[in-house]
Amino acid sequence: MSMVKSPSGVRTAARVVNATKLYGRADSAVRALDNVSVEFQGAAFTAIMGPSGSGKSTLLHCLAGLDTLTEGQVLIGDTDVSRLNDADLTLLRRNRLGFIFQSYNLVPTLTAEENIVLPLRLGGRKADPQWLAQVVTAVGLADRLHHTPAELSGGQQQRVAAARALISRPEIVFADEPTGALDSRSSADLLRFLRHAVDEYGQTIVMVTHDAVAAGYADRVLFLRDGRVVDEMTEPTADRILDAMKGLGE
Amino acid sequence: MFGLTLKGLLARKVRLLLTAVSVMLGVAFVTGSLVLTDTVNAAFDQLYAGLTKGTDVSVRSKAAFTDTATMGSPKPFDAKVVDQIRKVDGVAAAEGSLTGFALMLDKSGKPIQPGGAPTLAAGFQTDRELAGGFSMRKGRGPEAPTEVVIDAGTARKQGFTPGDPIKIMFETGGQRQFTVVGIAGFGEADNLAGATLATFQMSTAQELLGRSGQFDTIDVRGKTGIKPDELRSRIARVLPTGLEAVTSETVSSEASKSVSDALSIFTKIFLGFAAVSLLVGSFIIWNTFSILVTQRSREHALLRAIGAGRRQILGSVLAEAVVVGLVASGLGLGVGLAVAGGLRGLMSVIGMELPSASLQLHLRTVVAAFAVGVGITVVAALAPAWKATRTPPIAALRDAATPAKGVSRWRLAVGGLLFVGGVAGLIRAMSADSQVAAAGAGALATFFGLTMLAPVAVRPLVRVLGAPIAGSVTGGMGRLNAARSPRRTASTATALVIGLALVVGITVVASSVKASVGDVVDRANKADLILKSASQFAPGFPSGVADKLRRVPEVGTVSEMRFGVAQIDGATTYVAGVDPATVDRMANLGVESGSLAALGTDGVLVNTDVATLKGLRVGSPFPVKFAQSGDRKLRVAGTFTDKTLVGSSYLVSLDTYNANFSERLDIAVLVGARKGVTTEQVKQAAKAALTEYPNVAISDSAELKKTQNDSVDQLLGMVYVMLLLAVVIALLGVVNTLALSVLERTRELGLLRAVGMTRTQVRSAVRWEAVLIAAVGALLGLGLGLAFGAAFSRSLASIGIVTVAVPIVQPLVCAVIAALAGVVAAIFPARRAAKVDILRAVVTE
Ligand SMILES: Nc1ncnc2c1ncn2[C@@H]1O[C@H](COP(=O)(O)OP(=O)(O)OP(=O)(O)O)[C@@H](O)[C@H]1O
Ligand SMILES: [Mg+2]
């Protein structure tokens, strides 16, 4: 599957500059990120791959303002995330970012619809009904809106999460192994929706995954090892990705 | 297994402490009251042992019965008996003594009235050894009729020193002036349990107390080598009938017993509060352990899967309960000691001065503290622990969040039955007078029924109460979370229900009492003025007051009333002495049969209800046992309905009263104005005439109502403080539940924070949840309290509640405050919730 990048108006949606992240005390520190510099283009679907422990989640969390770098900078648009305090970070996440986690994405007391519009409601805003209908239809949940998460399958739950990530039309959606707990059919549903969002609405998506097939939906794949970006691929296919992964020793 | 439990507990110190606190306060009440009782008793034992030191045997009138209320008023007898006793072989010394009423006035002329303790006069004993612990601190004994020795407590507080003039009032008349010549102490103590004591030359005392040539006790010391018992029986042989000889050991143990009897009411009240707070605490323990067991169901299942037996699971949960109980008991014991110390201080502030003794911590108290603390905790944790053993090993593989189980049919049926039955009982109690049993059983059944049904009621209640805040995102979340686990919310709220229902119920009873006082006074009173002692602690005021009023021209009618204790059908009760000629002009007694005039010197007017109950009719024989005069055969002279103004079901004439009691103090005097004189005029005249009686309060009926209401309010204030503690414990329960819920929802909170919920919003959601839980408790407590209050007010008609007044504003304010206190309860859990580490929360698992 190959997709052509948007030819014009390419902008940088996010950037990390000389990012280093150390865990633990100085003498026995783990270098989760080691002087990483990378850019994420707008309206593009980027996948991050690498062996376990290579720093994928760390990179994503730092990008999303959920964690802070030891050194270096994270920029979302023109905003230097490392300079924001907790309140500003919260507003940044609420208004400008979207999230899909591997599991436990939804608030169990709220219905699917309430979960989807949660970021807006937290900001005291109402969902644009047209946009809501569009997103809901795209994830194929129109008939499930009034169910609680406990009444939805794992795949449906992840699609609700995806819809929530898109509802505020964020600058970037971050996804950490969103298909990790799904079977291949549910995975394909979710990934098609993400691809659709990039193509149709110009959504920017950064996704961490272990799955070559999932990464095949992306426009570009970054390979991490030992906290460093060691390879990069555009117009990826599952086969090429698998080859590259072998080269990384996984 | 226990090691594991302990480790787990230590890791959660804050929670352990919070859980323990709910039981701690109850334990503190228990230990506080026991320690105080022991301390006071020890102090009095010491004091009386000291006072009777040097005396081997005492001689006094035989009392037909002894009771706390009769102590200190032995019947006087001929002083010549002392000469006979001196002649008995083995007697080294014998001296009479006499005690009575004397009210000292301070330097500004105000009566020195201690709260709850008597104001005494006594004759000075010249034999210093017989005087025992009574010792001169300053100056000398009285040597002239105008000289007096006063107790060191009064001297210290009022600044009297030898040489000062002092005014003193007696049973019969007005003020007399004396000179202080000495200050006396009682061993270490400055006074006798707060009593004031004025000591005169013996002959002066006899004259002042109206007992010329009489003593009420003779103290005897034996020659060395003779046993008190032997001496006692030798003396007994020469005594005239009606007198008895007792060893000083008996005297001091009787005195100590009367003190501890008087204190026992205090202890009982305290233990009542302890029971309430322990009940509240047990709900919190039960709830906490239920939550813990649910949260750990995975852990338990895992343990079961790897081979742990049911008993081991049960043991591990109960072991945790034991540790919580031990911590609670230990803390409670400490707090209880502090409470006892504080209460002793409080008692001395209100005038009940206690002789000093260090706080007595007996082994019995320690055992009781731990038995109560550990016992309640373990019992409350039993059901949750049992539930833990029911966790199937397969649960380890399922999702941790077990869906909230519905309420069982059995529970619904029993709860429903109890509730309906209880409400029926309350309604019955509300619709007829004096259904105390129906009210009590109804209240209990309603409460327990409600407790069982509460989990079902929680969802709709939270939905309705939370409707106004559902529009805001945090309010809506708080509302959802409060209804999330109905059982948890229900039991948390129930703890609050108990305290609030009691507060509201007592408020209703109190307002009914107040309303009744008004009605009663209006209905029963015909007098223009009512004279009572200015201090509620005084036993009455001198009869000279009535004599003086009779000489005031504006006064038309003066009717005195006296009070005494007697035994009727074996029960100790109050008997009122009234003036048959005037009392019905000043009060509506509602005489139904017979007449006041028929009282004579052997008649009793009996309250109609009592007469019906006992099957008495005019002319029926009516035996009464008086402490001093023994058995007397009286007869029923009539029946009357309205006892509200006389305050007793049994009325005798003043002549009968005076023949059987030696006291001459009036409890009240009712005054009517002469024709053509207004109430205001007669009041001014009475005031002017009674300037030398500062201990008498003159009020018209409006003022009387007000002073009575004030005293209800005072009592109410004290009860509120105690019950508010129960409410506070319940709020601690809200803190505990919320803290555990927040812990349970770490992931969810992290997720919410990740998608853009601010810390402020998180705190606000937790706060709303707390307020809603508290509001459920407040609403149910308010409803129950109003029903209880109305039912009990009605059923207490026999003690003079004639009007049931259900106040709305006060209870509503209580309920709203309780609900808003949820905000305070939420502070700690909300802060915790806001601090959730987002990354940890979203990454775990
Ligand atoms: N909170 C932490 N404390 C200490 N070390 C950490 C922490 N989080 C991550 N690490 C370490 O940092 C390194 C990178 O971790 P990260 O979670 O980013 O890896 P990953 O690429 O997402 O792995 P996986 O594919 O298993 O999810 C690892 O060596 C990990 O052990
Ligand atoms: Mg990862």
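The rules behind the values
- Residues numbered from 1 in each chain as written.
- Chains lettered and ligands numbered in written order.
- Predicted model: local features only at pLDDT ≥ 70, side-chain atom pairs only at ≥ 80, totals over all residues.
- Heavy atoms only, no water.
- Helix = DSSP H or I, 4+ residues; strand = E, 2+ residues; numbered from the N terminus.
- Rg over C-alpha atoms; globule rule 2.2 N^0.38 Å.
- Buried < 20%, exposed > 50% of the residue type's maximum accessible area, 1.4 Å probe, protein only.
- Contact = heavy atoms within 4.5 Å.
- Areas by Shrake-Rupley, 256 points an atom, 1.4 Å probe, with all protein chains shown as cover.
- Lys, Arg positive; Asp, Glu negative; His and termini not counted.
- Charge placed at Lys NZ, Arg CZ, Asp CG, Glu CD.
- Near = heavy atom within 4 Å.
- Polar contact = N/O pair within 3.5 Å; in protein donor to acceptor, adjacent residues only side chain to side chain.
- Nonpolar A, V, L, I, M, F, W, Y, C, P; charged D, E, K, R; others polar.
- 1 Å grid on protein atoms, 1.4 Å probe; cavity = no way out; pocket = protein on both sides within 12 Å on 5 of 7 lines; lining within 4 Å.
- Points joined across faces, edges and corners; volume = space filled by probe spheres on them.
- Pairing = 2+ DSSP bridges.
- Axes fitted to C-alpha atoms, helices over the stretch in contact; angles between N-to-C directions.
- Salt bridge = Lys/Arg side-chain N within 4 Å of Asp/Glu carboxyl O.
- Domains from an automatic or database assignment.
- Buried area = accessible area lost by both parts, 1.4 Å probe.
- Core = buried A, V, L, I, M, F, W, Y, C linked by side-chain atoms within 4.5 Å.

Per an unreviewed UniProt entry, the recorded name for chain A is ABC transporter ATP-binding protein, and the organism is Planosporangium mesophilum.

1. What about the overall build of chain A?
Helix and strand counts for chain A stand at eight helices and ten strands. Taking 18 Å as the expected radius of gyration for a compact globule of 250 residues, we find that chain A reaches 18 Å, a close match to that expectation. For the C-alpha atoms alone, the extent of chain A along its principal axes is close to 50 × 45 × 40 Å. Within chain A, buried positions represent 53% of all 250 residues. Restricting the contact set of chain A to residue pairs at least 6 apart, pairs at least 24 apart contribute 69%. Here chain A displays about 10,900 Å² of accessible surface, and carbon together with sulfur accounts for 46% of that area. Across chain A, the mean location of the 26 positive side-chain charges is 3 Å away from that of the 30 negative side-chain charges.

2. Regarding the site of ligand 1
Residue and element names in this part refer to chain A. Ligand 1 sits among 13 residues. The nearest are Ser52, Gly53, Lys56, Ser57 and Thr58. Gly55 places a main-chain nitrogen or oxygen 3.0 Å from an oxygen atom of ligand 1. Here Ser57 contributes a side-chain N or O atom positioned 2.7 Å from an oxygen atom of ligand 1. Here ligand 1 loses 59% of its free accessible area of 620 Å² to cover by the protein chains. Those elements that provide at least two residues to the shell around ligand 1 are strand 2 (30–41) and helix 1 (56–63). Top element by residues in the shell around ligand 1 is helix 1. It accounts for three residues. Considered class by class, the residues forming the shell around ligand 1 number four nonpolar, seven polar and two charged.

3. Some points on empty space enclosed by the protein
Counted according to the given criterion, the structure contains nine cavities of 30 Å³ or more. Around the largest cavity, the lining comprises 13 residues; the ones closest to its centre are Asn481(B), Arg745(B), Leu749(B), Ala765(B) and Val766(B). For the lining of the largest cavity, the secondary structure elements donating two or more residues are helix 13 (473–482), helix 21 (746–754) and helix 22 (759–795) of chain B. Here the lining of the largest cavity takes four residues from helix 22 of chain B, the largest share from any one element. In terms of residue class, the lining of the largest cavity is built from nine nonpolar, one polar and three charged. There is about 60 Å³ of room inside the second largest cavity. Around the second largest cavity, the lining residues are Arg93(A), Arg94(A), Leu97(A), Gly98(A), Phe99(A), Pro119(A), Arg164(A), Ala165(A), Ser168(A) and Val755(B).

4. What about the sheet that holds strand 7 (residues 172–176) of chain A?
All names here are of chain A. Taken in spatial order, the six strands make up an open sheet running 6-7-8-3-9-10, and their pairing is mixed. Each edge of the open sheet is held by one strand with a lone partner, namely strand 6 (97–100) and strand 10 (228–234). Strand-to-strand twist across the sheet, computed as the mean angle between neighbouring axes with direction ignored, equals 20°. With four bridges connecting them, strand 3 (residues 45–49) and strand 9 (residues 220–225) associate as parallel partners. Bridged to Ile48 within strand 9 is Leu222. This element, helix 1, spans strand 3, strand 7, strand 8 (204–208) and strand 9 of the sheet and lies at about 150° to strand 7.

5. Focus: the pattern of salt bridges
Within this structure, the stated rule accounts for 41 salt bridges over all chains. For Asp80(A), the salt bridge identified is with Arg83(A), shortest N-O distance 3.1 Å. A residue is classified by how much of its surface remains accessible, and Asp80(A), at 12% relative accessible area, is buried. Between Asp189(A) and Arg192(A) there is a salt bridge, and its shortest N-O distance comes to 3.0 Å. Of this pair, Asp189(A) and Arg192(A) both sit in helix 6 (residues 184–201), three residues apart, which is roughly one turn of the helix. When its relative accessible area of 49% is taken as the criterion, Arg192(A) is described as partly exposed. Connected through salt bridges with shared partners, the residues Asp547(B), Arg550(B), Glu560(B), Arg562(B) and Asp666(B) form a single ionic network.

6. Concerning the domain arrangement of chain B
All names here are of chain B. Its domain assignment divides chain B into domain 1 (53–252), domain 2 (457–526 + 703–845) and domain 3 (529–699). Listed as interface residues are ten residues of domain 2 and, on the opposing side, 15 residues of domain 3. At the boundary of domain 2 with domain 3, total buried surface from both sides reaches about 1,100 Å², with 52% on carbon and sulfur atoms. For the pair domain 2 and domain 3, the interface holds one salt bridge. Across the pair Lys683 and Glu703 runs a salt bridge whose closest N-O atoms are separated by 3.0 Å. Run the count over domain 2 and domain 3 and you get five residue pairs in polar contact (both at pLDDT 80 or more). Broken down by secondary-structure element, the contributors of at least two residues to the side of domain 2 that touches domain 3 are helix 14 (486–524) and helix 20 (701–744).

7. Regarding helix 21 of chain B
All names here are of chain B. By the criterion of burial, helix 21 is predominantly enclosed, with eight of the nine residues buried. Regarding helix 21, the residues found buried are Arg747, Glu748, Leu749, Gly750, Leu751, Leu752, Arg753 and Ala754. The positive-phi residue at the C-terminal boundary of helix 21 is Gly756, with phi of around 115°.

8. Let's talk about the nonpolar core
In terms of nonpolar packing, the biggest core is built from 165 residues, with Leu118(A) and Phe174(A) touching the most fellow members. It is helix 2 (residues 13–51) of chain B that provides the largest number of residues to this core, a total of 17 residues. Among the domains, domain 1 (53–252) and domain 2 (457–526 + 703–845) of chain B are the pair contributing at least three residues each to this core. Excluding residues that lie within four positions of it along the chain, Phe174(A) makes contacts with Leu60(A), Leu63(A), Ala64(A), Ile76(A), Leu97(A), Gly98(A), Phe99(A), Ile100(A) and Val206(A). Residues Ala47(A), Val135(A), Val136(A) and Leu166(A) belong to the second largest nonpolar core, which totals 48 residues.

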